[in-house]
Amino acid sequence: MPDSPILQLHQVLCQFPRSPVAAVDRVTFDLPHGNLLALLGPSGCGKTTLLRLVAGLETPQAGTIALAGQPVAGNGHWLPPERRDVGIVFQDYALFPHLTVAENIAFGLQSGCHRAKSAQWMGDRIRETIALVSLEGLESRYPHQLSGGQQQRVALARALAPRPSLILLDEPLSNLDVQVRLHLRQEVREILKATGTSAIFVTHDQEEALAIADQVAVMRQGHIEQLATPKELYQHPASRFVAEFVTQANFIPVERRGALWESGIGQFPVLSPNPMRSGD
């Protein structure tokens, strides 16, 4: 159903052996069809682990995960990664060095439900995907003959070729030069939007998350601190951590005197009975 979420997580918990704290701590959210969600946070906050849970590369100790309305993890359900209809783009591209651009893209079409397709269908799909990521004329090149940006386009094309329900991108632009990264992040958004593909994008770059995503989930110590649109996140951070991490906000000490806050830059009326605490 188009109105139902493509992905649903409910109270998902993942804690690794010998770790005193959970890597992912009771996370709950829905991802609407066609939306791009950025998982944003500092190193060790649990964003990559959460991505791996959705992919089926890690197993939750509690909670449930459903893809396109089908339970894939939790409550006795478990679907292996190859059966989840999910495409993955890794940080290091993970291309096969002995295969050409076209052969790397074809690899994703040579398993599961696509195995029985005709050679004509496979060829058409490869050509369509190569055109989508603007790699025409490079079909016969090998990965070592491509730039970093071109290699990442091949990785994206390989993930998109089977037309999965969901694409997972694990810091896919972090290995690229600044100028290439700025250009490619807009291309990635346009490609995903053009195909109507739902996606989760892991990044520690605030600017990247705000530029690419429809919604941003700011993570801290295994849980989601705030999930909102980029505009709402920037203008109305839900906690001091979000304000500091996303907007690099300045904080001014104030003292309450009756119905006023007194500060070094003036007096302001008290608008909320429960102001944000410094530890929040």
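Everything below is about the structure shown above.
Rules used throughout
Residues numbered from 1 in each chain as written. Predicted model: local features only at pLDDT ≥ 70, side-chain atom pairs only at ≥ 80, totals over all residues. Heavy atoms only, no water. Pairing = 2+ DSSP bridges. Helix = DSSP H or I, 4+ residues; strand = E, 2+ residues; numbered from the N terminus. Axes fitted to C-alpha atoms, helices over the stretch in contact; angles between N-to-C directions. Contact = heavy atoms within 4.5 Å. Parallel < 35°, antiparallel > 145°, perpendicular 65-115°, else oblique. Left-handed = near helix turned anticlockwise from the far one by under 90°. Nonpolar A, V, L, I, M, F, W, Y, C, P; charged D, E, K, R; others polar. Disulfide = S-S within 2.5 Å. Buried < 20%, exposed > 50% of the residue type's maximum accessible area, 1.4 Å probe, protein only.

**A short note on the sheet that holds strand β11 (residues 223–228)**
Sheet architecture is open: six strands sit in the order β7-β8-β9-β3-β10-β11, paired in mixed fashion. This sheet does not close on itself; its edge strands, each paired only once, are β7 (86–89) and β11. Each strand of the sheet is rotated relative to its neighbour by a mean of 20°, with strand direction disregarded. Where strand β10 (residues 215–220) lies against β11, five bridges are found, and the strand directions are antiparallel. Pairing of A217 across the sheet is with L227, part of β11. Along the sheet face, helix α1 (residues 47–55) touches β3 (36–40), β7, β8 (166–170), β9 (198–203) and β10 and points at about 150° away from the line of β8.

**Details of the sheet that holds strand β14 (residues 266–269)**
The strand order across the open sheet formed by three strands is β12-β13-β14, and the pairing between neighbours is antiparallel. Each edge of the sheet is formed by a strand with only one pairing partner; in this case those strands are β12 (254–257) and β14. Pairs of neighbouring strands in the sheet enclose a mean axial angle of 30°, with direction left out of account. Bridge count for β12 against strand β13 (residues 260–263) is four bridges, and the pairing is antiparallel. In the sheet register, V254 faces β13, and the bridge partner there is S263.

**What to know about the packing of helix α4 (residues 148–160) against helix α5 (residues 178–195)**
Two elements in contact, α4 and α5, have axes separated by 11 Å at closest approach and are oriented at 15°. Considering the angle they form, α4 stands roughly parallel to α5. For α4 against α5, the interelement crossing comes out right-handed. Facing α4, whose interface residues are G149, Q152, R153, L156 and L160, α5 presents V180, H183, L184, E187, V188, I191, L192 and T195. For the contact of α4 with α5, the class distribution of residues is seven nonpolar, four polar and two charged.

**Quick look at the state of the cysteines**
Throughout this description, disulfide means a covalent bond between two cysteine sulfur atoms. Across all of its chains, the model carries zero disulfides by this definition. There is no disulfide at C14, and the cysteine sulfur nearest it, in C45, is 14 Å away. Overall, the relative accessible area of 2% leaves C45 in the buried class.

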